[in-house]
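Chain and residue survey
What follows is each chain in one-letter form.
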Amino acid sequence: MPDNQRQRSTDSCTAHSIKGACFPPAREKIVFLRTRKRYTQSAEQTEVISTGGSDFQIMDNIFDTICDFDELYDAHLHARKGKRFRPDVLQFTDRLEENLIEIQNELLWGTYRVGPYRPFYVTEPKLRLVMALQYRDRVVQWAIYKQLNPFYDKMFIEDSYACRVGKGSHKAAERLQYWLKQVGRKPGKWYYLKLDISKYFYRVDHGILMNILRKRIADTRLLALLDRIINSEDTKFGLPAGYNPEECTPDMWRSDCGMPIGNLTSQLFANVYLNELDQFCKHRLRIHYYVRYMDDIIILSDSKPELHGIKDDIEAFLKDTLRLDLNKKTAIRPVTLGIEFVGYRVWATHRKLKKSTARRMIRKVKKSCRKVERGEILIDAFMRQAASFSGTLMHCNSHGLRNRLTEIYDSYAYKGGGDNGN
């Protein structure tokens, strides 16, 4: 065989040699973005549509990248951060290569199914039902998230701050305070509209979410995988309108709506879902002073009637387009009263911790100090909690609260348990 033919044969074999040889060769791994036009360019090109009158990008041929062994291994490294000594992680790592190949084959053959969830409740800051996935499913979600999140993040508005790299609650509070300083220098009296969506994670409509994802994703295998994750066969996540999780019997839970709190993909889908509202407010309603942290929204205006009109428009959009409702926390008040947002009460001149958060912090410090006094926990564990609280308090005016927490610590910790860490 001539050398050039032998070289082409070797390259062809190398291109199809993927870790885990018990599945057929996958298609060439290509990730590319196409520009979706408002018209059909030719018979050979896919007819595409546009929203809002402008071209936009879609994602295609990404599924093979998600299934790549190296990508799954990198997803495993992300999923185990801070959890590497947990029993389920140790068990998975003990047969790491075999487990990753098994996941890879299930994805490529289309036999992957989401495993059973482990439900539990958290009580702070309020009662929530959290659904924990098995570790192998968390690896799959990380593999998906690593591809989808950078693609969608570029489409979100600048003032969406939840579950995004470089954003967060502190940046959201800083942005709101910056705007309050701006409007404080303008004439007239300014007001804020506070919007909160009722039971947001429990009410996300699966059909609408899948339609939103189809606008940007053309890879049919990826869409099928996302559909299996969103429409879980074994677990229902949706609540009937007006009900809390603790009020529902098992037969009342709905399978056509809701996302599991605790899933990595749920964070991304939550932002993708409400990005429709963000775009509506920015491009249709032309709202400038608009900031959102997940389902909490603040809008500023110098006209109370204008805010009432905006509220009506948003409420109609949520109900008709996204099948969501506003809750009773929705209010219009003067900005001089301070705005409760992301755990703080924000003014143009300063920020304070919410009273409910401050009371909860005091209760936790008292409880931990009693445990130190009885010798139930080491002083090192208490100091780690204190460092966490200090990190929260450094972002607001909290001199009085810091002094109060120090007094509590002095009155408890050194009575008998202060030397417990030595």
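As shown above, the structure is provided for reference.
Residues numbered from 1 in each chain as written. Predicted model: local features only at pLDDT ≥ 70, side-chain atom pairs only at ≥ 80, totals over all residues. Heavy atoms only, no water.

**Remarks on the overall build of the protein chain**
A tally of regular secondary structure across the protein chain gives 15 helices and eleven strands. Taken across its 422 residues, the protein chain has 45% of its residues classed as buried. For the protein chain, restricting intrachain contacts to residue pairs at least 6 apart in sequence, the fraction spanning at least 24 positions comes to 71%. When the accessible surface of the protein chain is split by element, carbon and sulfur atoms take 50% of a total near 22,500 Å². (Helix = DSSP H or I, 4+ residues; strand = E, 2+ residues; numbered from the N terminus. Buried < 20%, exposed > 50% of the residue type's maximum accessible area, 1.4 Å probe, protein only. Contact = heavy atoms within 4.5 Å. Areas by Shrake-Rupley, 256 points an atom, 1.4 Å probe, with all protein chains shown as cover.)

**Brief notes about the nonpolar core**
Within the largest apolar cluster, 85 residues are counted, with the highest numbers of intra-cluster contacts made by Tyr200, Leu213, Leu277, Ile299 and Leu322. Looking at which element gives the most residues to this core, the answer is helix α11 (residues 264-284), with ten residues. For leucine 322, the contacting residues outside a window of four places in its chain are Ile208, Ile212, Tyr273, Leu274, Glu276, Leu277 and Phe317. With 35 residues, the next largest nonpolar core counts Ala172, Leu353, Val365 and Tyr409 among its residues. (Core = buried A, V, L, I, M, F, W, Y, C linked by side-chain atoms within 4.5 Å.)

**Focus: the pairing of strand β4 (residues 128-132)**
Burial analysis of β4 places four of its five residues in the buried class, the great majority of the element. In terms of strand pairing, strand β3 (residues 118-122) meets β4 through five bridges, oriented antiparallel. The residue of β4 that forms the bridge with arginine 118 is alanine 132. Where β3 folds back onto β4 in an antiparallel hairpin, the turn is made up of five residues. (Pairing = 2+ DSSP bridges.)

**Structural notes on the side chain of histidine 206**
By the secondary structure assignment, histidine 206 is in helix α9 (residues 206-216). Not counting the four nearest positions on each side in its chain, histidine 206 is found in contact with Ile230, Asn231, Ser255, Asp256, Cys257 and Gly258.

**A short note on the sheet that holds strand β6 (residues 290-293)**
Within a sheet, neighbouring strands are paired by backbone hydrogen bonds and run either parallel or antiparallel to one another. The strand order across the open sheet formed by four strands is β6-β7-β5-β8, and the pairing between neighbours is antiparallel. Unpaired on one side and paired on the other, β6 and β8 (331-334) mark the two borders of the sheet. Ignoring which end each strand starts from, the neighbouring axes of this sheet average 20 degrees apart. When strand β5 (residues 191-196) meets strand β7 (residues 296-301), the two strands line up antiparallel, connected through six bridges. (Axes fitted to C-alpha atoms, helices over the stretch in contact; angles between N-to-C directions.)

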